[in-house]
Amino acid sequence: MRQRQVIELSEIKRQEEICARIFERVTADGQRPLALVDTYGCQQNEADSEKLRGYLAEMGYGFTQDEFQADVIVVNTCAVREHAEMRVLGNVGALNHSKKARPGQIVAVCGCMVQQQHMAEKIKKSYPVVDLVFGPHELWRFPELLERVQTRHKRVFATEKSDGAVAEGIPLKRDGTVKAWLSVMYGCNNFCTYCIVPYVRGRERSRLPEDILAEARSLVAAGYKDITLLGQNVNSYGKDLACGVDFADLIRMVNDIPGDFRIRFMTSHPKDATEKLFRTMAACEKCCHQLHLPVQSGSDRILKAMNRSYDSEKYLRQVALARQYMPDLVLTTDIIVGFPGETEEDFEATLKLCETVRYDAMFTFIYSKRVGTPAASMPDPYTREEKQRHFDALTELSNRISGEKHAEYEGKTLRVLIDGETGREEYNLSSRTDGGRLVHLKGDPALIGTFADVTITASNTWALYGEIRNSEFGIRN
Ligand code: SAH
Ligand code: SF4
Ligand code: F3S
């Protein structure tokens, strides 16, 4: 087994010393400098941005959303589809304006997109506004890299190829007070033929159970009510540790932490979602009956070409088993339309599978060619129009089924966690069911962060609407 690379705690301490040094320098004039962190992509990136903000807060920075007010801008990028990259490049290019208006502004671009050498080169050549570029593997030494830019006034590029390491002890500044991300592992070994993630995020590596549990305990103590365990493929958790703890064991260990909170997780690869996992989900009272199980395609031929390591029959068996353990399971998926060579017949198989499974929600994407992946060199004779037609048909099916499933909730009373305000008058609060369905409510904002029983009164494709029956403070609506 490959040696699991760990960043020494002394290295993180050194980064924190650099933070202290930066603090002295940037607050010397008695003013509080401001930073803007802009995040693209998945929850892993959101979790990474909480670390970037943690470091920035230690350096003395406050936070702003306005690029004209920011002294440091960090753009945390995604590479999963071309569209995500185009958005980043457009927005980074536009930072010319804020930098002109605010000389001395530092622009950093980090994350998955710049871990691709051709993208790092492109930024070096065509985006002089960017001062600092670093990939996900260098995030732990962001203070050191930023200091280099600040003191040497030179552009810094840190995107060396790497399998990645595990770094503990990086300070975190979390986005919310009710829901929290908790990374349990990093990287991916699956190499689905269309996907860039394994190239930019490195090999699978798990955090130690004790580190995860310590973080989970501190989240519960701080009052977080909804903890999402994160990984590109959480079912691979522990395989690199050889400590006998797999993902199902980890759920049980988090479940054993005293307190009133929920556990969710993302994402599960169907190739190794086990019966033990479903049994554990059903048995652990804090674990939500929610499963995101990306199928990607309903065609066995395409699944094979995607290197997904399962066929539609195995997938359907897993869904049936999961539902046997959890009849109220909320099931969602990801689907790629227009994978190279996908025919009408392949697409029909996807529609059929979706009709059979009846997902609560589907996230559908048109295939996007990623440089360096095997699928990029597969023949792709179908036109964009044909792919769009398939995409539209699938979206229609997905909306219809979600709408029907949501209508089934009407009249039912469920427990929800109230997690924020909607900004609208009539239904001013948002909440989530155990299954993760969005419920709009009317009530006192003081209820945010509490559980309540609500009766569902109306629904549409995207959300449920409800009335509070009973909250932790009695009824306050
Ligand atoms: N690790 C997760 C997925 C991460 S990427 C998993 O395997 O479940 C999120 C989703 O983006 C994928 O499930 C896939 O549906 C989609 N995706 C990934 N690469 C893509 C590409 N090249 N084109 C279009 N969609 C893609
Ligand atoms: Fe990409 Fe596949 Fe890994 Fe998911 S499992 S991140 S789709 S390579
Ligand atoms: Fe994007 Fe990187 Fe996540 S490519 S989807 S931000 S792992």
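Residues numbered from 1 in each chain as written. Chains lettered and ligands numbered in written order. Predicted model: local features only at pLDDT ≥ 70, side-chain atom pairs only at ≥ 80, totals over all residues. Heavy atoms only, no water.

Moving on, we come to the overall build of the chain. Looking only at helices and strands, the chain features 14 helices and 21 strands. Here the chain has a C-alpha radius of gyration of 23 Å; the compact-globule value for 477 residues is 23 Å, and the two agree. Projected onto its principal axes, the C-alpha coordinates of the chain cover approximately 60 × 60 × 50 Å. Burial analysis of the chain (477 residues in total) assigns 56% to the buried set. When contacts within the chain are restricted to residue pairs at least 6 apart in sequence, long-range pairs at least 24 apart make up 74% of them. Here the chain holds 63 positive side-chain charges and 67 negative ones, and the gap between their average locations is 3 Å. (Helix = DSSP H or I, 4+ residues; strand = E, 2+ residues; numbered from the N terminus. Rg over C-alpha atoms; globule rule 2.2 N^0.38 Å. Buried < 20%, exposed > 50% of the residue type's maximum accessible area, 1.4 Å probe, protein only. Contact = heavy atoms within 4.5 Å. Lys, Arg positive; Asp, Glu negative; His and termini not counted. Charge placed at Lys NZ, Arg CZ, Asp CG, Glu CD.)

To continue, consider the domain arrangement of the chain. Assigned domains within the chain: domain 1 (9–158), domain 2 (176–265), domain 3 (289–408) and domain 4 (413–471). Spacing between the C-alpha centres of domain 2 and domain 4 amounts to 27 Å. With eight residues of domain 2 at the interface, the matching set in domain 4 holds 13 residues. Counting every contact that joins domain 2 to domain 4 gives three salt bridges. Note that lysine 179 and aspartate 419 form a salt bridge whose closest N and O atoms lie 3.0 Å from each other. (Domains from an automatic or database assignment. Salt bridge = Lys/Arg side-chain N within 4 Å of Asp/Glu carboxyl O.)

What follows covers the packing of helix H13 (residues 344–357) against helix H14 (residues 384–407). Where H13 meets H14, the closest approach of the two axes is 11 Å, and the angle between their N-to-C directions is 10 degrees. On the basis of the axis angle, H13 is roughly parallel to H14. Every residue of H14 that contacts H13 at Glu344, Phe347, Thr350, Leu351, Cys354 and Glu355 is listed here: Arg389, His390, Ala393, Leu394, Leu397, Arg400 and Ile401. Grouping the constituent residues of the contact of H13 with H14 by class yields seven nonpolar, two polar and four charged. (Axes fitted to C-alpha atoms, helices over the stretch in contact; angles between N-to-C directions. Parallel < 35°, antiparallel > 145°, perpendicular 65-115°, else oblique. Nonpolar A, V, L, I, M, F, W, Y, C, P; charged D, E, K, R; others polar.)

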